[in-house]
Amino acid sequence: MSSNHDDWPNVDEEISIDIHDLPHRSSNIEWWYCHCHLTGSNNQPYAIFASFFRTFDNHRSTPEQHQYLYALIWGIVDIKNQNYYSSSQLDRSSIERSLNGTELSKDLDKHLYMAYKEILNRNTIPLPDRLFSKECYVDLNKLYLNYDDNLFYKDESGNNCLSCHDPHQNLSFKLQMRPMKHPCRQPHHGIANHISPEESMFYYSMSRLECHGQIMIDNQSISVQGHSWYDHEFGGLIKYSTTNSNKTSYESQYKGWYWFGIQLDNHYEITFSHLIDCLTQKSADKSAIIIGPDNERWEYHDGDLIDLQPLNQWFSIRTGCVYSTKWKITIPTMQCELVLEAVIDNQELITFIARPSFYEGRFNVSGVFNNQHVQGHAFFECHRTNIKIFNCLDEFFKRISHIVLNNIETILPRQITSTQAFDLITLDTINLEIFSKIIISPLRDMIDRGGKAWRSFLCLLCIDCVNGNSQNYQHWLALAEIMHVGSLIIDDIQDQSAIRRGGPACHRMYGIAQAINAGTIAYFLPLPLLIARTPSLSDEIKLKIYETTFSTLRTAHIGQGLDIHGLDYLMNDCIETGNGLPLEQAILSIHRLKSGIPAGNLARMGALIGGGTIEQCDRLQEYVQSIGIAFQIIDDVLNLRGFENQTKQRGEDITAGKITYPIAKVMNSKYLKERSEREYVWQILQSKTNDKQTIDRLIDLFEQTNCLNDSISDARLLVDNAWLKLDSFLLDSFHKIILRAFGLYILERHY
C-alpha cells in the first residue's frame, strides 16, 4: 500500500463501512454513488441515481488546510412515460478553476473554448448545470453529506438515507436504504491501478440494499419501494500547487469506461467494467465481479474470456455523441450470457463536468446465468468515450453529417418500399424501380457524398436554445439537407459546374432534364412527410412552418435570378469611380436572399417548434441569417484560395466570369487605386479564362491588396454584431455555447 493512501483499507482486512464510508483526506477525488430500481404505489416502474463528488482543489489548498470542489448529479427515470429527468449542480469555485487551469483549453476546440469562456467570465455556468446556492458540507467524523440541502447520510439504525430536490423542475425524492449484502471490493482487491500507483483509486460496493421512500414528479408524490446499489470510490494523487504540477496526467484525462451494475432475480449481482484509452480506443482493463446470495465473490478478467459487446448505436443530435443502448455480456466460466437493453434510448446527461456529456441510465436484463434463465435490472454508465467529439468541430460536424444521413435514409431510402413511396407521394401505382432511378438516386448520389449539414443541425439546435428538446424532432434533420441539395443540383446546371462535393455534378450523371426535375422536387418532397410524423405540432405552428418554407423558396429563387443575371451592369461605374460600395451591397443582397434568409428561416422554424418567444425567434433568425451570409462570403474567398480536398476547382468563379464578394471589394479604389488595374480585373473576368497561370496571377493580386482577408473581417463583423443582439435573449446554456461556437467556426472554415 502506498504511503500516500494510509487511510485506505489494508489488502487483507474487511471493509468497515463505519470507517470507510467517511471521506478520505488522502484522496484527490472521492464520490458516493447510488442507484435504485423501484415500483411506485401506482404500480409503475421508476429508477433513480445520484452521485456526490468531492475533488481536491490544488489552487486553494495547503498541506495544513485542504479545500475542495463539490458537484452533485442525479436523475429520475419514469419508465412507463419514457421520461428521463436529470439535475446537476457545481460550486462556484469550479468557474475559477476552469478559467485559470489548462484543462478546458486542452479538451475543447478553440471555438468552443472561446464560447465557454464568454459564459464563465460572467461568473456562471451553462445550463443544464446550476450553481449551488450555498456552501457544501461534508462531515469528517460520520457519513453526512449536505450539498445545498441535498443529503446523503447514515441514520442511527445504519440505513443509508438519500434525498435530492430540484425546484426548477419540480422534482425530488427521499429514500431510505437498508444493506442486504456486505461491502465488497471491486476488481484487483479494490484497487484500480490502471494509470500509476500514485493515481490509483480504491473502490467498493454494496450490491443490494432494500429501499423505500417517496419521489415527486410534477408535484405528484408517489410512494416507492425496491432495491438499490451503493458504490464508494476514492483516491488519486493530491498535488499542492506550490510543490507539484497543477496538471492532471495525460493518461488519467483520456481514460473512459463502460460500467454495468446488474441485479438479477436469482439474488446474484454483477459489476462489469471496461476501461478504455479514449484516444486509441484500446482496452486498458476489463473485469467482472459476481456477488452470490450469501456474499460469495468471484472475479474475472480478460484472460477468462469475458466479453462486453455493443449490439446497436444511438446518436445524440444534441451533442453528437454515440452510445450503445443494447449490450451483450458473456462470462463463460459462470455460463453467463446476458442481453441488456435501455428502457429509454435517450438517457444522456449533458454537463460541464463531463464535457459534453455522459450516459447514465436504467437497463432491463435477460439471459442465462449458471444455465438458468434469469431476468433483472441494471444501471449503465458510459463516461468520456466521446471525448474527441469536442476536440475539433470538424469532427463534430462529420458526426452530425452521419446522423443526418441516417435520418435521410428513413425519408429517402435507396431501396424504397411501396409503403414508403406512398408516404412520399400518396400514390400506390408507381413503378418503384423507376421512381428510385429518377428521383431518389439523383438526390442520394449528391447527399451521400456528405456535406457538413450545418443548416440541418442549426434548425434543431435552435429548438434546444429556446428550451425545447431537439431529440424529439431528429427526423427534421432531413428537411434542410434535402432542400439544400436540390438547390445545389439546380445551381450546378445554371452555373455549368462540373464538380459537386468531390464528384461529378448531378446533371453530368443523369442529364439536364432529369437533374432539373430531381432538384425541383427536393424543395417539396420532405416537408409533408415530416409534419405527418410530428403529431405534437399544433395547427398554428404547422401553418407557420409552411409559410416560412414558401418564404424561403421565394427569396432563394429571387436571389438565384439576380445571381444569374449578374452584376455586370455595375462594373463600368466601379471602374470609372473606384467606388465599389454599390457592388458590395448588391452582392450582399444576393447572398442574403440565396443563403442568409433560407438559413435564418430554418432557425426560426426550430425556435417555433421549441416554443420560443417572438423576440427569440426574431433574434435567432437574424443571427443564423448572418451566419448564412458569412458562410457565402467565406465560400467566395475559398473559391479563390482553394477548398480542402479540392471539392471545387480553385478559381472556378473567375472561369465563370462571376462577380463575387472579394471581387466586388477589390474594385474599390482602396485596393486598386488605378483605373487600369480595375479594368484589368474586369477584362480577365469577361474572358472567362481557364488558363491556370492567368487565374493564379489574378488571385495573387487579390492577396496583395488584402481584400480577401478584409472580406473575412466583414463576415466576422456581421456575425459578431448579430450575436450581440441575440445574446441576452437566450439563457446561458450548453446549446447556446454550441450556437456561438458555430458562428466563430464558420468564419474559419476550410472545406
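What counts and how
Residues numbered from 1 in each chain as written. Predicted model: local features only at pLDDT ≥ 70, side-chain atom pairs only at ≥ 80, totals over all residues. Heavy atoms only, no water. Helix = DSSP H or I, 4+ residues; strand = E, 2+ residues; numbered from the N terminus. Rg over C-alpha atoms; globule rule 2.2 N^0.38 Å. Buried < 20%, exposed > 50% of the residue type's maximum accessible area, 1.4 Å probe, protein only. Contact = heavy atoms within 4.5 Å. Areas by Shrake-Rupley, 256 points an atom, 1.4 Å probe, with all protein chains shown as cover. Lys, Arg positive; Asp, Glu negative; His and termini not counted. Charge placed at Lys NZ, Arg CZ, Asp CG, Glu CD. Disulfide = S-S within 2.5 Å. Salt bridge = Lys/Arg side-chain N within 4 Å of Asp/Glu carboxyl O. Expected span 1.5 Å × (residues − 1). Arc of directions from axis to C-beta. pLDDT = per-residue confidence, 0-100. Phe/Tyr/Trp six-rings, centres within 6.5 Å; stacked < 30°, edge-to-face > 60°. Axes fitted to C-alpha atoms, helices over the stretch in contact; angles between N-to-C directions. Left-handed = near helix turned anticlockwise from the far one by under 90°. Nonpolar A, V, L, I, M, F, W, Y, C, P; charged D, E, K, R; others polar. Pairing = 2+ DSSP bridges.

1. What about the overall build of the protein chain?
Move 1: Scanning the protein chain from terminus to terminus reveals 23 helices and 28 strands.
Move 2: Taken against the 2.2 N^0.38 rule, which gives 27 Å for 751 residues, the C-alpha radius of gyration of the protein chain at 30 Å falls within 12% of a compact globule.
Move 3: Based on the C-alpha atoms only, the size of the protein chain along its principal axes is roughly 90 × 70 × 50 Å.
Move 4: Counting all 751 residues of the protein chain, 59% fall into the buried class.
Move 5: A separation threshold of at least 6 residues defines the contact pool for the protein chain, and within that pool the share at least 24 residues apart is 66%.
Move 6: Surface summary for the protein chain: the accessible area is close to 31100 Å², and the carbon and sulfur share equals 48%.
Move 7: Averaged over its 68 positive side-chain charges, the protein chain has a centre that lies 5 Å from the centre of its 90 negative ones.

2. Here we look at the state of the cysteines
Move 1: One pass over the full model with this rule turns up zero disulfides.
Move 2: In this structure Cys392 is not part of a disulfide, and its nearest cysteine sulfur, from Cys321, lies 15 Å away.
Move 3: Among the residues examined, Cys392 registers a relative accessible area of 25% and is labelled partly exposed.
Move 4: Not engaged in a disulfide, the cysteine Cys617 finds its nearest cysteine sulfur in Cys462; these two sulfurs lie 9.1 Å apart.

3. Describing the pattern of salt bridges
Move 1: Tallied over the full model, the rule gives 41 salt bridges.
Move 2: For the salt bridge of Lys286 with Asp307, the shortest nitrogen-to-oxygen distance reads 3.8 Å. Linking Lys286 in strand S17 (residues 283–291) with Asp307 in strand S19 (residues 307–310), this pair joins segments that are 21 residues apart in sequence.
Move 3: A salt bridge links Lys725 to Glu622; the shortest N-O distance between them is 3.0 Å. Separated by 103 residues along the polypeptide, Lys725 in helix H22 (residues 707–726) and Glu622 in helix H17 (residues 614–641) bring together distant segments of the chain.
Move 4: In this structure, a network of salt bridges that share partners links the residues Asp491, Asp492, Arg500, Asp563, Lys594 and Lys658.

4. Observations concerning helix H20 (residues 675–687)
Move 1: Here H20 contains 13 residues, and its C-alpha end-to-end distance of 18 Å stays within 8% of the 18 Å for a straight helix at 1.5 Å per residue.
Move 2: Within H20, the full set of buried residues consists of Arg678, Val681, Trp682, Ile684 and Leu685. End-on view of H20: buried residues confined to an arc of 160°, all on one side of the axis.
Move 3: Buried residues belonging to H20 abut helix H15 (571–577), helix H18 (652–655), helix H19 (661–666) and helix H21 (692–705).
Move 4: Just downstream of H20 lies Lys688, where phi reads positive at about 50°.

5. What to know about the confidence of the model for the protein chain
Move 1: Overall, the prediction assigns the protein chain a mean pLDDT of 91, with 95% of residues at 70 or greater.
Move 2: Scored below 50 in pLDDT, residues 243–252 makes 19 contacts in the model with residues more than four places away or belonging to other chains.

6. Looking at the packing of aromatic side chains
Move 1: With the rule as written, the count across this model stands at 46 aromatic pairs.
Move 2: Each ring, one from Trp74 and one from Phe173, has its centre 5.3 Å from the other, and the planes form 80°; the classification is edge-to-face. Note that Trp74 is positioned in strand S3 (residues 68–78) and Phe173 in strand S10 (residues 171–179), a separation of 99 residues in sequence.
Move 3: Under the relative-accessibility criterion, Trp74 is labelled buried at 0%.
Move 4: Consider the rings of Phe202 and Tyr204, whose centres lie 6.4 Å apart with planes at 55°: the pair is tilted.
Move 5: According to the relative accessible area criterion, Tyr204 is buried, its value standing at 0%.
Move 6: Taken together through their ring pairs, the aromatic side chains of Trp8, Phe52, Tyr70, Phe132, Tyr147, Phe152, Phe202, Tyr204, Tyr230 and Phe234 make up a single cluster.

7. Notes on the environment of Gly75
Move 1: Turning to its location among the elements, Gly75 is positioned in strand S3.
Move 2: With relative accessibility at 0%, the residue Gly75 sits in the buried group.
Move 3: Linking Gly75 and His165, residues 90 residues apart in sequence, is a C-alpha distance of 9.9 Å.
Move 4: If we ignore the near neighbours within four places in the chain, the residues touching Gly75 are Ala47, Ile48, Phe49, Tyr85 and Ser86.

8. Some details on the packing of helix H10 (residues 477–495) against helix H12 (residues 512–521)
Move 1: For the pair H10 and H12, the least separation of the axes is 7 Å and the interaxial angle reads 145°. Regarding H10 and H12, the two cross each other, and that crossing is left-handed. Judged by residue contacts, Gly486, Ile489, Ile490 and Ile493 of H10 engage Ile512, Ala515, Ile516, Gly519 and Thr520 from H12.
Move 2: Tallied by class, residues from the contact of H10 with H12 come to six nonpolar, three polar and no charged.

9. Things to note about the pairing of strand S15 (residues 255–264)
Regular strands have side chains that alternate between both faces of the sheet.
Move 1: In terms of residue burial, S15 counts as a mostly covered element, since nine of its 10 residues are buried.
Move 2: Direction of pairing for S15 relative to strand S16 (residues 269–277): antiparallel, over a ladder of nine bridges. What sits directly across from Ile262, in S16, is Ile270.
Move 3: Counted between consecutive antiparallel strands, the loop separating S15 from S16 contains four residues, among which His267 sits at a positive phi close to 70°.
Move 4: Taken together, the eight bridges between S15 and strand S26 (residues 372–383) define a ladder with antiparallel strand orientation. Bridging from a neighbouring strand, Ile262 pairs with Ala378 of S26.

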